[in-house]
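Here's the letter readout for the chains.
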Amino acid sequence: MTFNAELADGPVAPVMDDDRPIDGQELAAYIAGKLCHDFISPAGAILSGLDLLSDPTAQDMRDDAMNLIQQSATKMAALVQFCRVAFGAATTSERFSSDDLCALVTDMVQGGRASLDWSVTETEFAKPAARALVNLAYLTASALPSGGVATITTERDGETLVLRGTAVGNRARMKPEAITGFAGQRLTEGLPGQWIQPYWLWLTVNGAGGTLSVVAHEGRVEISARMAV
């Protein structure tokens, strides 16, 4: 299957607010819903660990409880740092180093079945490209539910920066909701949580005057974004 989000030869003009399938308030609601979904698991695990610590009949599980709290707090911190760049304004900094972005994505995929190959040649990224890159990298790893390698690369093509994520592994795939999001289209059926981040990536790339494409075959998915340097 090949899906291309480009609507014409070469970069397309940014979509204006009135032309987007959802308004700002609806977009904020979808993003808030995703963040709540992502944060509830580690938050709940921390509370479970604290309950064990305070239970006088479960003192033999104290070490397990402390490990659960530590792992969940680490995951929570990784989520916060990632989301500040992927969905928020992060800091007042306008440029981000490749090493810092790699650390954000590595912390997010740690413990999952996919392994990350960060083969990025650029050393610094402007804020729009940094936001696109971390979302693209995370979505590439997410295309490998049964494991595999998510390779993230960058290259220059004249005045264009090409960001590319390639997922290779058994059952590498993109869900229909994600394909809809990558196309910049409104979700009509399926799970919003599977749609919003691909749509957000499309919105980020399109808003910077770039284009986004996805190519999916058996055992391989490639996501590419082209943006101005």
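Residues numbered from 1 in each chain as written. Predicted model: local features only at pLDDT ≥ 70, side-chain atom pairs only at ≥ 80, totals over all residues. Heavy atoms only, no water.

Visitor: Help me understand the packing of aromatic side chains, please; the structure alone is not making it clear to me.
Guide: Counted under the stated rule, the structure contains 5 aromatic pairs. Here Phe87 and Trp200 contribute two aromatic rings whose centre-to-centre distance is 6.0 Å and whose plane-to-plane angle is 35 degrees, an arrangement assigned as tilted. Here Phe87 is found in the loop between helix H2 (62–86) and strand S2 (95–97), whereas its partner Trp200 is found in helix H6 (residues 192–207), with 113 residues between them in sequence. On the basis of relative accessible area, Trp200 is assigned to the buried category, the value being 11%. Between Trp195 and Tyr199, the aromatic rings sit 4.8 Å apart at their centres with planes inclined by 20 degrees, giving stacked as the arrangement. (Phe/Tyr/Trp six-rings, centres within 6.5 Å; stacked < 30°, edge-to-face > 60°. Helix = DSSP H or I, 4+ residues; strand = E, 2+ residues; numbered from the N terminus. Buried < 20%, exposed > 50% of the residue type's maximum accessible area, 1.4 Å probe, protein only.)

Visitor: Looking at this model, I keep getting lost on the nonpolar core. Mind explaining?
Guide: In a soluble, globular protein the nonpolar side chains are often hidden away together inside. Counting residues in hydrophobic clusters, the biggest one holds 57 residues, and the most contacted among them are Leu101 and Ile223. Looking at which element gives the most residues to this core, the answer is helix H4 (residues 127–142), with 9 residues. Not counting residues within four places of it along the chain, the set of residues in contact with Leu101 comprises Val85, Phe96, Trp118, Phe125, Ala130, Leu133 and Val134. (Core = buried A, V, L, I, M, F, W, Y, C linked by side-chain atoms within 4.5 Å. Contact = heavy atoms within 4.5 Å.)

Visitor: How should I be thinking about the pattern of salt bridges in this particular structure?
Guide: Between side chains of opposite charge, a pair can form when the charged atoms approach closely. Applying the stated criterion across every chain, the model contains 9 salt bridges. For Arg186, the salt bridge identified is with Glu26, shortest N-O distance 3.0 Å. Here Glu26 lies in helix H1 (residues 24–54) and Arg186 lies in the loop between helix H5 (176–182) and H6, a separation of 160 residues in the sequence. Residue classification places Arg186 among the partly exposed residues on the basis of a relative accessible area of 36%. Residue Glu26 is classed as partly exposed on the basis of its relative accessible area, which comes to 24%. Beyond isolated ion pairs, a larger network of salt bridges with shared partners links Glu155, Arg164, Arg220 and Glu222. (Salt bridge = Lys/Arg side-chain N within 4 Å of Asp/Glu carboxyl O.)

Visitor: Is there a simple way to think about the packing of H2 against H4 in this case?
Guide: Geometrically, a packed helix pair is captured by the angle between its two axes and the distance between the axes. Remark: H2 packs on H4, axes separated minimally by 8 Å, with the N-to-C direction vectors making an angle of 130 degrees. With respect to each other, H2 and H4 are oriented oblique. Contact residues: Phe82, Val85 and Ala86 in H2; Ala130, Arg131, Val134, Asn135 and Tyr138 in H4. A breakdown of the residues in the contact of H2 with H4 according to their chemical character gives 6 nonpolar, 1 polar and 1 charged. (Axes fitted to C-alpha atoms, helices over the stretch in contact; angles between N-to-C directions. Parallel < 35°, antiparallel > 145°, perpendicular 65-115°, else oblique. Nonpolar A, V, L, I, M, F, W, Y, C, P; charged D, E, K, R; others polar.)

Visitor: Would you explain a positive patch on the surface in this entry?
Guide: Taken together, the side chains of Arg113, Arg171, Arg173 and Lys175 present a region of like positive charge at the surface. A relative accessible area of 34% means that Lys175 is categorised as partly exposed. (Patch = residues over 30% accessible without salt bridge, like charges linked within 9 Å, V, L, I, M, F, W, Y side chains within 5 Å. Areas by Shrake-Rupley, 256 points an atom, 1.4 Å probe, with all protein chains shown as cover. Lys, Arg positive; Asp, Glu negative; His and termini not counted. Charge placed at Lys NZ, Arg CZ, Asp CG, Glu CD.)

Visitor: I tried to follow the packing of H1 against H2 on my own but got confused; where do I start?
Guide: At their nearest, the axes of H1 and H2 sit 8 Å apart, and the two run at 155 degrees to each other. Accordingly, the angle class assigned to the pair H1 and H2 is roughly antiparallel. Along this stretch, H1 crosses H2, giving a crossing that reads as left-handed. Each of Leu35, Asp38, Phe39, Pro42, Ala43, Ala45, Ile46, Ser48, Gly49, Leu50, Leu52 and Leu53 in H1 lies in contact with H2, whose residues at this interface are Arg62, Ala65, Met66, Leu68, Ile69, Ser72, Ala73, Lys75, Met76, Leu79, Val80 and Cys83. When the residues that make up the contact of H1 with H2 are grouped by side-chain class, the tally is 18 nonpolar, 3 polar and 3 charged. (Left-handed = near helix turned anticlockwise from the far one by under 90°.)

Interpretation in functional terms is not warranted from these geometric data alone.
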